[in-house]
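Remarks on the overall topology
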Amino acid sequence: MSTVSTDPSPSAPAPGAEDPAPSPEGGGPRLVLIGPMGAGKTTIGREVARRLGVPFADLDELIIEASGRSIPEIFAAQGESAFRDLEARVLALALEAHTGVLALGGGAVVAEGSRALVAARPAVLLEIDEETARSRVGRGRGRPMLGGEDPLGRWRTLTDARMPLYREAARWSIDATHGGIDQIARRIIETLEGAEPPAPKEHA
């Protein structure tokens, strides 16, 4: 399996942006973004990384790099169980090797072991409402977990089941329904800047 890769040349931090709480002892991400499909973890994560001047990595992209196949191809060839095993292995590596912002797939914290690893990092849960999800997930194209005639219904079922797990893993929760990418990124950075690790979990 290939090593974790990151954006090779992160942009300089936005003017006035300050470095947040230092990386956890022993290295690892400055920030881990978790949440349901369609929450904007990748888009928002890239903007946060740009503002902080740190590398960005998306767990799904790391899985594709490691396997040499797309996520739908892995599901089709080996099924969800094999995908989750690979996801857990790549996540564990990324949580040790990546030093910037790491965005996870919607099901990455379902496994208890993975959830415990994420909970030990500065993890932010991005929450969205159903109407926002409707506009973002569409017909579920490219998302094997949303396959079928009712992608939004499947999204609702999965999100309802996973939300307690997201909250267990996250240190903070951010509403990603309202405001643009810039606003949400600023709120995340402000939250990190105000933290004094190790900080207790809090949901606002």
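Residues numbered from 1 in each chain as written. Predicted model: local features only at pLDDT ≥ 70, side-chain atom pairs only at ≥ 80, totals over all residues. Heavy atoms only, no water.

Moving on, we come to the side chain of T177. Within the fold, T177 resides in the loop between strand 5 (172-175) and helix 7 (181-193). With a relative accessible area of 18%, T177 lands in the buried category. At 2.9 Å, the side chain of T177 and the backbone nitrogen of D129 are in polar contact. If we ignore the near neighbours within four places in the chain, the residues touching T177 are E127, I128, D129 and T132. (Helix = DSSP H or I, 4+ residues; strand = E, 2+ residues; numbered from the N terminus. Buried < 20%, exposed > 50% of the residue type's maximum accessible area, 1.4 Å probe, protein only. Polar contact = N/O pair within 3.5 Å; in protein donor to acceptor, adjacent residues only side chain to side chain. Contact = heavy atoms within 4.5 Å.)

Turning to the packing of aromatic side chains, a few remarks are in order. This model, assessed by the stated rule, comprises 1 aromatic pair. With 4.9 Å between their ring centres and 40 degrees between their planes, F75 and F83 make a pair best called tilted. Like F75, the residue F83 is buried in the burial classification. (Phe/Tyr/Trp six-rings, centres within 6.5 Å; stacked < 30°, edge-to-face > 60°.)

This paragraph deals with the pattern of salt bridges. Per the counting criterion, the structure on display carries 10 salt bridges. E168 is paired through a salt bridge with R115; the nearest N and O atoms lie 3.2 Å apart. Of this pair, E168 sits in helix 6 (residues 151-169) while R115 is found in helix 4 (residues 112-119), placing the two residues 53 residues apart along the sequence. What makes E168 partly exposed here is its relative accessible area of 40%. (Salt bridge = Lys/Arg side-chain N within 4 Å of Asp/Glu carboxyl O.)

What follows concerns helix 3 (residues 71-97). Each full turn of the α-helix corresponds to 3.6 residues, which orients residues three or four apart in the same direction. When the terminal C-alpha atoms of helix 3 are compared, their 22 Å separation across 27 residues is substantially less than the 39 Å that a helix rising 1.5 Å per residue should span. Of all bends in helix 3, the biggest is about 120 degrees, found at Q78. What helix 3 keeps buried is the set I71, I74, F75, F83, R84, L86, E87, V90, L91, A94 and L95. (Expected span 1.5 Å × (residues − 1). Bend = angle between axes of the 7 residues up to and from the residue.)

Before going further, it helps to spend a moment on the nonpolar core. Counting residues in each nonpolar core, the largest one holds 28 residues, and the members touching the most others are L31, V48, V101, L126 and I188. At the level of elements, strand 1 (31-34), helix 1 (41-52), strand 3 (101-103), strand 4 (123-127), helix 5 (130-137), helix 6, strand 5 and helix 7 are the ones that each hand at least two residues to this core. Tallying contributions element by element places helix 7 first for this core, with 5 residues. The next biggest cluster of nonpolar side chains, apart from the first, holds 26 residues, and it includes I63, I71, V90 and V118. (Core = buried A, V, L, I, M, F, W, Y, C linked by side-chain atoms within 4.5 Å.)

Burial analysis of strand 4 places 4 of its 5 residues in the buried class, which makes it a mostly covered element. Sheet analysis places strand 1 next to strand 4, joined by 3 bridges and oriented parallel. The residue bridging L33 from the neighbouring strand is V124, located in strand 4. Note that strand 4 and strand 5 share 4 bridges and pair parallel. The residue bridging V124 from the neighbouring strand is W172, located in strand 5. (Pairing = 2+ DSSP bridges.)

The parallel open sheet is built from 5 strands, whose spatial order is 2-3-1-4-5. If you trace the sheet from one side to the other, it starts and ends with strand 2 (56-58) and strand 5, each paired once. Sheet twist, expressed as the mean angle between neighbouring strand axes with direction ignored, is 25 degrees. Alignment of strand 1 against strand 3, held across 3 bridges, turns out to be parallel. Bridging from a neighbouring strand, L31 pairs with V101 of strand 3. (Axes fitted to C-alpha atoms, helices over the stretch in contact; angles between N-to-C directions.)

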